[in-house]
Amino acid sequence: GIQVEQSPPDLILQEGANSTLRCNFSDSVNNLQWFHQNPWGQLINLFYIPSGTKQNGRLSATTVATERYSLLYISSSQTTDSGVYFCAVEQNQGAQKLVFGQGTRLTINP
Amino acid sequence: GAVVSQHPSWVICKSGTSVKIECRSLDFQATTMFWYRQFPKQSLMLMATSNEGSKATYEQGVEKDKFLINHASLTLSTLTVTSAHPEDSSFYICSARGRLAGDTQYFGPGTRLTVL
């Protein structure tokens, strides 16, 4: 099956810093989503981005489908950005199921 | 829009009992629902996929007789953990996708199961 690798596994930053999270995948995809899991476990949809670039406030994401990676940018980090960020992909011609990466645990210190 | 709810949010039960978890899509019709399990500090692992009106498709290694899934309507799927044991303690999360939600999966808030 498709492999999804996220890096870095852990990231600790000071408030106000910028960060880039990476997601590599091993095969063609027709769906890629970025999520933020908050401390209570809720998965919050950040982006549906199988290709191209999107921006939402301080967050933006870019997926280069031909090179099989996606990047999530967080600018001017706030303590509320802390949590685990997951990338998940749905393989082309697959069974509509998402395969999750192992996540990046982001800690923003005040 | 595209809200998914789960009930209960947490449950504690004795070993050997069965526990039912409900997953509802509140503002869209979910043609497909998914059940995931997440152990502490780990990623989400898909357990099964269910389409309305048909039997669920289980991932390899998931016991279908232990984790009963029913997707009886376009807004409701249930997961029943039968004869639960301590090793079944985990965070169970459902997601849904439907006609008006496009290809995006929307996730419920999760149910934390603790089996004593």
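None of the values given here were measured: they were computed from a predicted structure. (Residues numbered from 1 in each chain as written. Chains lettered and ligands numbered in written order. Predicted model: local features only at pLDDT ≥ 70, side-chain atom pairs only at ≥ 80, totals over all residues. Heavy atoms only, no water.)

Draft legend 1. Main features of the interface of chain A and chain B. In this complex, chain A contributes 19 residues to the contact, which on the side of chain B involves 20 residues. Of the roughly 1600 Å² buried where chain A meets chain B, counting both sides, 46% is carbon and sulfur surface. Among the residues of chain A in contact with chain B, Gln96(A), Lys97(A) and Phe100(A) are the three that bury the most area, contributing 27% of the side total. For Glu59(B), the salt bridge identified is with Lys97(A), shortest N-O distance 2.8 Å. Taken together, chain A and chain B are joined by eight residue pairs in polar contact (both at pLDDT 80 or more). The set of elements that each furnish at least two residues to the side of chain A that touches chain B consists of strand 4 (29–37), strand 5 (43–48), strand 9 (83–91) and strand 10 (98–100) of chain A. The element best represented in the side of chain A that touches chain B is strand 4 of chain A, accounting for four residues. In the side of chain A that touches chain B, the residues fall into seven nonpolar, nine polar and three charged. (Contact = heavy atoms within 4.5 Å. Buried area = accessible area lost by both parts, 1.4 Å probe. Salt bridge = Lys/Arg side-chain N within 4 Å of Asp/Glu carboxyl O. Polar contact = N/O pair within 3.5 Å; in protein donor to acceptor, adjacent residues only side chain to side chain. Helix = DSSP H or I, 4+ residues; strand = E, 2+ residues; numbered from the N terminus. Nonpolar A, V, L, I, M, F, W, Y, C, P; charged D, E, K, R; others polar.)

Draft legend 2. Expanded view of the state of the cysteines. Residues and elements named next belong to chain B. Within the structure shown, the criterion is met by two disulfides over all chains. Here Cys 13 is not cross-linked by a disulfide; its sulfur's nearest cysteine counterpart is in Cys 94, at 18 Å. Among the residues examined, Cys 13 registers a relative accessible area of 9% and is labelled buried. (Disulfide = S-S within 2.5 Å. Buried < 20%, exposed > 50% of the residue type's maximum accessible area, 1.4 Å probe, protein only.)

Draft legend 3. Representation of the sheet that holds strand 1 (residues 4–7) of chain A. All names here are of chain A. Reading across from one edge, 1-3-8-7-6 is the order of the five strands in this open sheet, with antiparallel pairing throughout. Whereas interior strands pair on both sides, the edge strands pair on one side only; in this sheet they are strand 1 and strand 6 (52–56). Strand-to-strand twist of the sheet, defined as the mean angle between neighbouring strand axes without regard to direction, takes the value 15°. Inspection of the sheet shows strand 7 (residues 59–64) paired to strand 8 (residues 69–74) by six bridges, in the antiparallel sense. For Ala 61, the partnering residue across the bridge sits in strand 8 and is Leu 72. (Pairing = 2+ DSSP bridges. Axes fitted to C-alpha atoms, helices over the stretch in contact; angles between N-to-C directions.)

Draft legend 4. Structural view of the layout of surface pockets. Quantified by volume, the largest pocket comes out at close to 640 Å³. What lines the largest pocket is a set of 28 residues, among which Lys97(A), Val99(A), Met45(B), Leu46(B) and Glu59(B) lie closest to the centre. Going through the elements one at a time, strand 1 and strand 10 of chain A together with strand 5 (44–51) of chain B are the ones with two or more residues in the lining of the largest pocket. Among the elements that make up the lining of the largest pocket, the one with the highest residue count is strand 5 of chain B (four residues). In the lining of the largest pocket, the residues fall into 12 nonpolar, eight polar and eight charged. Of all the elements in the fold, those that place two or more residues in the lining of the second largest pocket are strand 9 and strand 11 (104–109) of chain A. At three residues, the largest contribution of residues to the lining of the second largest pocket is made by strand 9 of chain A. (1 Å grid on protein atoms, 1.4 Å probe; cavity = no way out; pocket = protein on both sides within 12 Å on 5 of 7 lines; lining within 4 Å. Points joined across faces, edges and corners; volume = space filled by probe spheres on them.)

Draft legend 5. Structural context of the packing of aromatic side chains. The full count for this structure, using the stated rule, is eight aromatic pairs over all chains. Ring centres of Phe100(A) and Phe107(B) lie 5.9 Å apart, and the angle between their planes is 90°; on these two criteria the pair is classed as edge-to-face. Taken together, the residues span two chains, with Phe100(A) in strand 10 and Phe107(B) in strand 10 (residues 106–107). Classification of Phe100(A) by relative accessible area gives buried; the value is 7%. When the centroid spacing of 5.4 Å and the interplanar angle of 40° are considered together, the rings of Tyr36(B) and Phe107(B) count as tilted. (Phe/Tyr/Trp six-rings, centres within 6.5 Å; stacked < 30°, edge-to-face > 60°.)

Draft legend 6. Representation of the environment of Pro86(B). All names here are of chain B. Assignment of secondary structure puts Pro 86 in the loop between strand 8 (76–81) and strand 9 (90–98). Residue class for Pro 86 comes out partly exposed when judged on its relative accessible area of 42%. Residues Pro 86 and Val 115 lie 29 residues apart in sequence; the distance between their C-alpha atoms is 4.7 Å. The residues contacting Pro 86, other than those within four sequence positions of it, are Ser 15, Val 115 and Leu 116.

Draft legend 7. Focus on the environment of Ile69(B). All names here are of chain B. Relative to the assigned elements, Ile 69 resides in strand 7 (residues 67–73). Along the chain, Ile 69 and Ile 21 lie 48 residues apart, while their C-alpha atoms are 9.6 Å from each other. With residues near it in sequence (within four places) discarded, Ile 69 still touches Trp 35, Ala 48, Ser 50, Ala 56, Tyr 58, Ser 77, Thr 78 and Leu 79.

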